[in-house]
Amino acid sequence: MGVIGYGLGVVGAGIGIGLAALGATSSIARQPEVQGRLFTVFILASAFVEALALIGFVVTLIAQ
Amino acid sequence: MNPLEKLHEEIDGLVDSFTSQAIVGDIWGVGLTQYTFWMFVAIALLLIVLFVFVKKQAAHGLVPRGRFVNGVEFLVEYCRDDLCKGLLGDTWRNHFPFIASIFFFILANNIVGIIPGCKPGTGCIGTAGALALVSFVYFIVIGVRSQGLIGYIKSLAPEGVAFPMNAVVWLIEVFSTFLRLITLAVRLFCNLFAGHVVMGAFALLCSLFFEPILQGITPIAIGEAGASLFWLAILLVIYGVEIMVAAIQAYVFTLLSAVYIQIAEQGE
Amino acid sequence: MNTKKLGLTRVVAMASGMALVATAAAPACAFAAGADILVPKPPEFIPALIAFLVIWLILAKMAWPMIIKTLDAREEKIADDLKAAEDAKSLAVENEQRSRESIIAAENEAADIIAAAKREGEEERSRIIAEANASAVNIIAKARDAVEAERKKAMVQLSGQVVDLSVEIAAKIIGDALDNEEQHHLAEKYLLEVGNLNDE
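What counts, and at which threshold
Residues numbered from 1 in each chain as written. Chains lettered and ligands numbered in written order. Predicted model: local features only at pLDDT ≥ 70, side-chain atom pairs only at ≥ 80, totals over all residues. Heavy atoms only, no water. Helix = DSSP H or I, 4+ residues; strand = E, 2+ residues; numbered from the N terminus. Areas by Shrake-Rupley, 256 points an atom, 1.4 Å probe, with all protein chains shown as cover. Lys, Arg positive; Asp, Glu negative; His and termini not counted. Charge placed at Lys NZ, Arg CZ, Asp CG, Glu CD. Contact = heavy atoms within 4.5 Å. Buried area = accessible area lost by both parts, 1.4 Å probe. Salt bridge = Lys/Arg side-chain N within 4 Å of Asp/Glu carboxyl O. Polar contact = N/O pair within 3.5 Å; in protein donor to acceptor, adjacent residues only side chain to side chain. Nonpolar A, V, L, I, M, F, W, Y, C, P; charged D, E, K, R; others polar. Core = buried A, V, L, I, M, F, W, Y, C linked by side-chain atoms within 4.5 Å. Buried < 20%, exposed > 50% of the residue type's maximum accessible area, 1.4 Å probe, protein only. Axes fitted to C-alpha atoms, helices over the stretch in contact; angles between N-to-C directions. Parallel < 35°, antiparallel > 145°, perpendicular 65-115°, else oblique. Phe/Tyr/Trp six-rings, centres within 6.5 Å; stacked < 30°, edge-to-face > 60°. pLDDT = per-residue confidence, 0-100. Pairing = 2+ DSSP bridges. Expected span 1.5 Å × (residues − 1). 1 Å grid on protein atoms, 1.4 Å probe; cavity = no way out; pocket = protein on both sides within 12 Å on 5 of 7 lines; lining within 4 Å. Points joined across faces, edges and corners; volume = space filled by probe spheres on them.

A. A look at the overall build of chain B. Of the regular secondary structure elements, chain B holds eight helices and two strands. For chain B, the sequential pattern of α-helices and β-strands runs α-β-β-α-α-α-α-α-α-α. Taking the principal axes of its C-alpha atoms as reference, chain B extends roughly 75 × 60 × 35 Å. By element, 72% of the accessible surface of chain B is carried by carbon and sulfur atoms, the whole surface being about 12,500 Å². On chain B, the mean spot of the 13 positive side-chain charges and the mean spot of the 18 negative ones are 16 Å from each other.

What follows is the structure, encoded as structure tokens:
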């Protein structure tokens, strides 16, 4: 059960990172010269979302 | 299938190996765990690198030569321009030592963890918690210094909102301020801990699927060896991701610390 | 920076003391089996805390000030060099402007001088020619006058000689019948006629 819960949590993280990637690619398509700064922002946003998914992973390990 | 039967207990063993174990002494009293040992290794490495850099910079004068000096300077300038000057404005010189120390400390620990066989010093909640605690106390002290104790406590409530809503929002803000301590620590710890556990799990799968072929060459064994290569490929990808995560987590921790310091100083 | 660091260290030591008490009390509470992972353990927490504070102190005293000073010195030098280059460039542009202006003025002056010289030369030439012409005319007039005078003198001389010669011839032709006065009077009458013919 814990693993199913973690799987559902990862769905949220996947959607979050996908949205960040959507924002990043459409912004780069609009203005390619700010690509460096946009890539940094994308990685930053992904790090925050990833943290939540990994908290879920650790909680799964705890609950075993 | 043979490999997958042994998987569960092996994974348990893996997670156990990643939890803090005392090398010397006792886990709840006085002792030394494997994470603390690797943290000291990372600290030694960091001090050596930085002092060699300072000496070389003093020797060369104003124009940097050589890859080592240029590389470390790139990191220092990145820290100064992106993290301090960009966020903190005029007071960045006061906070630069703290921000740079945090950045280089976490970076050194994470990078040491990437080397096969070494563990990251920040991979245990003790170290991550200590860093988060220092950052938390630092930005609260900065807030109190710049606005006075009562002023800082009051500044957590937004202006222009009527009384009852004011108090509720203030309560939520206090809670979220204390939550920053926990999220900083847990974000850093979870990224490193879980990342290495996942890498270990894929390495485990790779070796478990490779074992049958050592016992005898049968078609199933060959198929499993092929799957083992597949796990190896994923392991390499995750290894690359872990290298990126090492740098990114150091950057995120430092960035958030700088943002909290800025919020505390300007009294939002 | 020093007092700030000391005050901070005191506060952090206090906070870590509280955290230590909390973690020491942790095993007494009831946690799920694996939640041990998320609880900071003293053998890790305290060395990490102390190690980070020591590192922070060491780097803030010995490493960062020098590094920042070098980076600042470099920025300043670049800015100064750029500014000096800018100043030198604007000075050079000014100098070039000024020199070009003076060259143009010099050229103008030179053209003026040449024009004036040419004009004066022309005037001088025409003056000399006029003078030469005038003196030539003078000389010719003088020469003519001299020639006239000479002619008249020659005419007078000639007429005297013609008188004497004609008297001699007439005396020879007529015989010595006439005496000198009548001869003279006759000769002058004939000379007058000849002179009238000559004058016509």
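Having put the structure on the table, let's press on.
B. Seen up close, the interface of chain B and chain C. Taken together, the contact between chain B and chain C spans 57 residues of the former and 43 residues of the latter. Taking both partners together, chain B and chain C bury about 4,400 Å²; carbon and sulfur atoms supply 78% of that area. C:Arg74 is paired through a salt bridge with B:Glu73; the nearest N and O atoms lie 2.8 Å apart. Applying the counting criterion to the chain B and chain C interface returns six residue pairs in polar contact (both at pLDDT 80 or more). Considering each element in turn, the side of chain B that touches chain C owes the most residues, 13 residues, to helix H5 (residues 125-147) of chain B. Each residue belonging to the side of chain B that touches chain C can be placed in one class, and the counts come to 36 nonpolar, 14 polar and seven charged.

C. The arrangement of the environment of B:Leu149 in detail. Structurally, B:Leu149 is set in helix H6 (residues 149-155). Residues B:Leu149 and B:Ser176, spaced 27 residues apart in sequence, show a C-alpha to C-alpha distance of 18 Å.

D. Expanded view of the interface of chain B and chain A. Chain B puts 20 residues into the contact, and the matching count from chain A is 14 residues. In this structure, the connection of chain B to chain A is made through zero salt bridges. At the boundary of chain B with chain A, the tally comes to zero residue pairs in polar contact (both at pLDDT 80 or more). Every element with two or more residues in the side of chain B that touches chain A is listed here: helix H1 (2-18), helix H3 (67-88), helix H7 (163-215) and helix H8 (219-266) of chain B. With nine residues, H7(B) is the single largest residue contributor to the side of chain B that touches chain A. Residue composition of the side of chain B that touches chain A, grouped by class: 15 nonpolar, two polar and three charged.

E. Just the nonpolar core, in detail. Within the largest apolar cluster, 91 residues are counted, with the highest numbers of intra-cluster contacts made by B:Phe98, B:Phe193 and C:Trp64. The biggest single contributor to this core is helix H2 (residues 42-174) of chain C, with 15 residues. Setting aside chain neighbours within four positions, we find C:Trp64 in contact with B:Leu50, B:Val76, B:Phe96, B:Pro97, B:Ala100, B:Ser101, B:Phe104 and C:Leu59. Counting residues in hydrophobic clusters, the runner-up holds 10 residues, among them B:Leu7, B:Met199, B:Leu205 and B:Leu208.

F. Structural context of the packing of helix H4 (residues 92-114) of chain B against H5(B). All names here are of chain B. Remark: H4 packs on H5, axes separated minimally by 12 Å, with the N-to-C direction vectors making an angle of 170°. The angle between H4 and H5 places the two elements in the roughly antiparallel class. When H4 is examined against H5, the residues Asn 94, His 95, Phe 98, Phe 105 and Ile 106 are found in contact with a partner set consisting of Leu 131, Val 134, Ser 135, Tyr 138 and Ile 142. By residue class, the composition of the contact of H4 with H5 is seven nonpolar, three polar and no charged.

G. Geometry of the packing of aromatic side chains. All names here are of chain B. Tallied over the entire structure, the rule returns 23 aromatic pairs over all chains. Summarising the aromatic geometry, the rings of Phe 98 and Tyr 138 are spaced 4.1 Å apart at their centres and angled 15° between planes, so their arrangement reads as stacked. With Phe 98 in helix H4 and Tyr 138 in helix H5, the pair connects residues that are 40 residues apart, well separated along the chain. Looking at Phe 98, the relative accessible area reads 1%, which means it is buried.

H. Here's a closer look at the confidence of the model for chain B. The share of residues in chain B with pLDDT of 70 or more is 99%, and the mean pLDDT across the chain is 86. Predicted as a complex, the structure gets a pTM of 0.73 and an ipTM equal to 0.86.

I. Fine view of the pairing of strand E1 (residues 22-25) of chain B. Residues and elements named next belong to chain B. Of the strand pairs in this sheet, E1 and strand E2 (residues 31-33) are connected by three bridges, and their pairing is antiparallel. Residue Ala 22 lies in a different strand from E2, and its bridge partner there is Thr 33. With antiparallel pairing between neighbouring strands as the criterion, E1 and E2 make up a hairpin whose turn holds five residues.

J. Structural context of helix H2 (residues 34-60) of chain B. Residues and elements named next belong to chain B. Counted at 1.5 Å a residue, the expected span for H2 with its 27 residues is 39 Å, and the 39 Å between its end C-alpha atoms agrees. Residues of H2 that are buried: Gln 34, Tyr 35, Thr 36, Trp 38, Met 39, Ala 42, Ile 43, Leu 46, Leu 50, Phe 53, Val 54 and Gln 57. Immediately beyond the C-terminal end of H2, within one or two residues, lies Gly 61, with a positive phi of roughly 85°.

K. Structural view of the layout of surface pockets. What the largest pocket holds in volume is close to 940 Å³. What lines the largest pocket is a set of 33 residues, and nearest its centre among them are A:Tyr6, A:Leu54, A:Phe57, B:Ala194 and B:Val198. Secondary-structure elements contributing two or more residues to the lining of the largest pocket are helix H1 (2-30) and helix H2 (35-63) of chain A together with H1, H7 and H8 of chain B. Top element by residues in the lining of the largest pocket is H2(A). It accounts for nine residues. A breakdown of the residues in the lining of the largest pocket according to their chemical character gives 23 nonpolar, seven polar and three charged.

L. Representation of the pattern of salt bridges. Here the structure, examined in full by the defined rule, presents 17 salt bridges over all chains. As a salt-bridge pair, B:Arg80 and B:Asp81 come within 3.4 Å of each other at their nearest N and O atoms. The partner of C:Glu131 in a salt bridge is C:Arg127, and the shortest N-O contact between them spans 3.1 Å. Here C:Glu131 pairs with C:Arg127, and both are found in helix H2, just four residues apart, close to one helical turn. Here the residues in one salt-bridge network are B:Arg80, B:Asp81, B:Lys85, B:Arg93, C:Asp72 and C:Glu75, joined through shared partners.

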